[in-house]
Amino acid sequence: SSLVSVITISFISAGLISLAGGIGLIFGANIGTTATAWLVAGFGLKIKISSLAMPMLIFGLIFSFQKKASFKGIGNVLAGLGFFFLGIYYMKEGFDVFKEYIDLTEYAISGVLGVIVYAGLGIIITTVLQSSSATLALILTALSAGQIEYENALALAIGANVGTTITAVLGSISSNVAGKRLAGAHLIFNFTTGIVALGFIFPLADLVNL
């Protein structure tokens with residue numbers, strides 16, 4: 001979704017699409033990026049995902065050395081996915097070892113305060129990693145290892161959705177007014193939906209459980 005946001009800002013700055021069209025693309029990317037969480041939850045925590053990563057890395061490197069631009073693009077995509085899946089595998093392995101020494105559930109904060117604190121942590125982590133997908137992978141692996149509580153994980157995910165807007169904000173710095181407006185719309189939308197989701201996080205958790 002961060003990649004789509006930056007590309008959309010470039011399109012708007014070049015006058016290829018309107019601001020309304022750009023906002024539509026950003027909203028679509030917000031929904032589309034949830035596919036990563038499903039991939040990690042459905043496959044990354046059950047199978048040895050590193051076995052999928054290596055072929056992607058190999059073919060990614062082969063394609064990236066081709067002269068044709070389209071092949072290079074495919075190579076970069078495959079290499080990026082390969083490194084991401086490899087990262088998920090190592091994060092899972094790391095949390096499994098980490099669990100033996102430190103139990104993060106001791107630091108879990110229940111109630112409204114915990115929701116606010118962990119949402120803030122989600123924003124900070126995503127700002128540093130520049131990817132809500134990477135943050136979600138961390139959250140899911142920590143949750144599966146029993147390191148964090150379910151409600152804290154929800155708050156982290158909401159924070160990650162807000163924090164991912166930093167990529168669009170940084171990408172809009174060198175763009176024109178239209179690009180900056182799109183980054184502003186992205187920030188306002190994600191921040192507003194984040195506040196609403198935090199306000200209804202406990203009913204949301206009950207609904208998901210149901």
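Refer to the structure above for everything that follows.
One structure accompanies this document, and this report is about it. Note that the structure is predicted; figures quoted are calculated from it, not measured.

With that settled, consider the packing of helix α2 (residues 19-32) against helix α10 (residues 177-199). Any two packed helices are characterised by the angle at which their axes cross and by the distance between the axes. Two elements in contact, α2 and α10, have axes separated by 10 Å at closest approach and are oriented at 40 degrees. Here α2 lies oblique to α10, going by the angle between them. In this structure, α2 crosses over α10, and the sense of that crossing is right-handed. Between α2, through L19, G22, I23, I26, F27 and N30, and α10, the contact on the second element is made entirely by A178, R181, L182, A185, H186, F189 and N190. For the contact of α2 with α10, the per-class residue count stands at eight nonpolar, four polar and one charged.

Let us look at the packing of helix α8 (residues 150-163) against helix α11 (residues 201-209). Two numbers describe how α8 lies on α11: the axes approach to 11 Å, and their chain directions differ by 110 degrees. Of the possible angle classes, the one that applies to α8 and α11 is roughly perpendicular. Judged by the twist between their axes, the crossing of α8 over α11 is right-handed. Contact with α8, carried on its side by Y150, E151, L154, A155 and I158, involves I201, F202, A205, V208 and N209 of α11 and no other residues of that element. When the residues that make up the contact of α8 with α11 are grouped by side-chain class, the tally is eight nonpolar, one polar and one charged.

Before going further, it helps to spend a moment on the packing of aromatic side chains. All told, the structure shown has two aromatic pairs when counted by the stated rule. Seen from their ring centres, F63 and F71 are 5.8 Å apart, and the 35 degrees between their planes marks the pair as tilted. A relative accessible area of 26% means that F63 is categorised as partly exposed. Taking the relative accessible area as the measure of exposure, F71 reaches 33% and is therefore partly exposed. Its guanidinium or amino end placed over the ring of F71, K68 lies 5.5 Å from that ring's centre, counting from NZ or CZ.

Calculation rules
Residues numbered from 1 in each chain as written. Predicted model: local features only at pLDDT ≥ 70, side-chain atom pairs only at ≥ 80, totals over all residues. Heavy atoms only, no water. Axes fitted to C-alpha atoms, helices over the stretch in contact; angles between N-to-C directions. Helix = DSSP H or I, 4+ residues; strand = E, 2+ residues; numbered from the N terminus. Parallel < 35°, antiparallel > 145°, perpendicular 65-115°, else oblique. Left-handed = near helix turned anticlockwise from the far one by under 90°. Contact = heavy atoms within 4.5 Å. Nonpolar A, V, L, I, M, F, W, Y, C, P; charged D, E, K, R; others polar. Phe/Tyr/Trp six-rings, centres within 6.5 Å; stacked < 30°, edge-to-face > 60°. Buried < 20%, exposed > 50% of the residue type's maximum accessible area, 1.4 Å probe, protein only. Lys NZ or Arg CZ within 6 Å of the ring centre and 35° of its normal.

By themselves, these are just geometric observations and shouldn't be taken as functional.
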